[in-house]
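Chain by chain, the residues:
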Amino acid sequence: RGETLAEFRQGDGILFGIKATADCWYYAVVIDPHGKPKLWYPIQNEWNENSAPAGKAITYPGNNKTLSLEGPEGVYIVKLFATREKLSRNAFIDGLPRADVFQNLNHKQWSENSVSFRVAN
């Protein structure tokens with residue numbers, strides 16, 4: 001039985017809700033329908049704004065902003081990584097987390113979750 005995905009139109013604005021169980025830093029990677037990853041958050045000039053305090057619901061991107069869906073039609077996957085320690089900018093290469101960075105973290109120091117959605121014309 002197939003999974004029903006949320007569907008959006010090109011140009012729609014979306015945001016994500018986050019509620020961490022422990023203080024953490026979060027990083028969002030989007031993978032487009034062609035399999036191309038992109039670090040969605042934090043972006044270069046917001047690298048120090050990606051903390052999430054335990055128990056507090058926050059929205060990304062916040063400040064009454066939304067992410068505009070401008071890419072090709074198809075299914076997108078958003079991977080959210082949460083770490084107890086802040087990662088350096090070089091922890092992500094070409095939109096993907098570097099395996100060696102995460103392998104060196106204790107498994108209790110980070111987690112990953114994902115959500116998928118469809119963009120239609």
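Look up a bit, the structure's there.
Predicted model, so just to flag it, every value in this text is computed and none were measured.

Participant: An account of the environment of tyrosine 76 is needed here, citing residue identities and associated values.
Facilitator: Looking at the element boundaries, tyrosine 76 is found in strand β9 (residues 74-83). Taking C-alpha positions, tyrosine 76 is 7.5 Å from valine 119, a pair spaced 43 residues apart along the chain. With residues up to four places along the chain from it excluded, the contact list for tyrosine 76 reads Val30, Ile31, Asp32, Pro33, Gly71, Val115, Ser116, Phe117 and Val119.

Participant: I'd love a proper account of the side chain of asparagine 50, names of residues and values included.
Facilitator: Here asparagine 50 shows up in the loop between β5 (37-41) and β6 (51-52). Its relative accessible area of 0% is what places asparagine 50 among the buried residues. Setting aside anything within four residues of it in sequence, one finds asparagine 50 in contact with Cys24, Trp25, Tyr26, Tyr27, Tyr41 and Pro42.

Participant: Describe the pattern of salt bridges, listing the residues and the values that go with them.
Facilitator: Tallied over the entire structure, the rule returns four salt bridges. With a closest N to O distance of 3.5 Å, glutamate 7 and arginine 9 form a salt bridge. Classification of arginine 9 by relative accessible area gives partly exposed; the value is 41%. When the shortest N-O distance is used, the salt bridge between arginine 98 and aspartate 100 registers 2.6 Å.

Participant: Tell me about the layout of surface pockets, residues and numbers included.
Facilitator: To locate leftover empty space, one rolls a probe as large as a water molecule over the atoms. When its volume is computed, the largest pocket comes out at roughly 530 Å³. By residue number, the principal contributor to the lining of the largest pocket is strand β12 (residues 110-120), which donates six residues. The residue makeup of the lining of the largest pocket, split by class, is 15 nonpolar, eight polar and five charged. Per-element tally for the lining of the second largest pocket: the top contributor is β5, with three residues. Broken down by class, the residue content of the lining of the second largest pocket amounts to six nonpolar, two polar and four charged.

The rules behind each value
Residues numbered from 1 in each chain as written. Predicted model: local features only at pLDDT ≥ 70, side-chain atom pairs only at ≥ 80, totals over all residues. Heavy atoms only, no water. Helix = DSSP H or I, 4+ residues; strand = E, 2+ residues; numbered from the N terminus. Contact = heavy atoms within 4.5 Å. Buried < 20%, exposed > 50% of the residue type's maximum accessible area, 1.4 Å probe, protein only. Salt bridge = Lys/Arg side-chain N within 4 Å of Asp/Glu carboxyl O. 1 Å grid on protein atoms, 1.4 Å probe; cavity = no way out; pocket = protein on both sides within 12 Å on 5 of 7 lines; lining within 4 Å. Points joined across faces, edges and corners; volume = space filled by probe spheres on them. Nonpolar A, V, L, I, M, F, W, Y, C, P; charged D, E, K, R; others polar.

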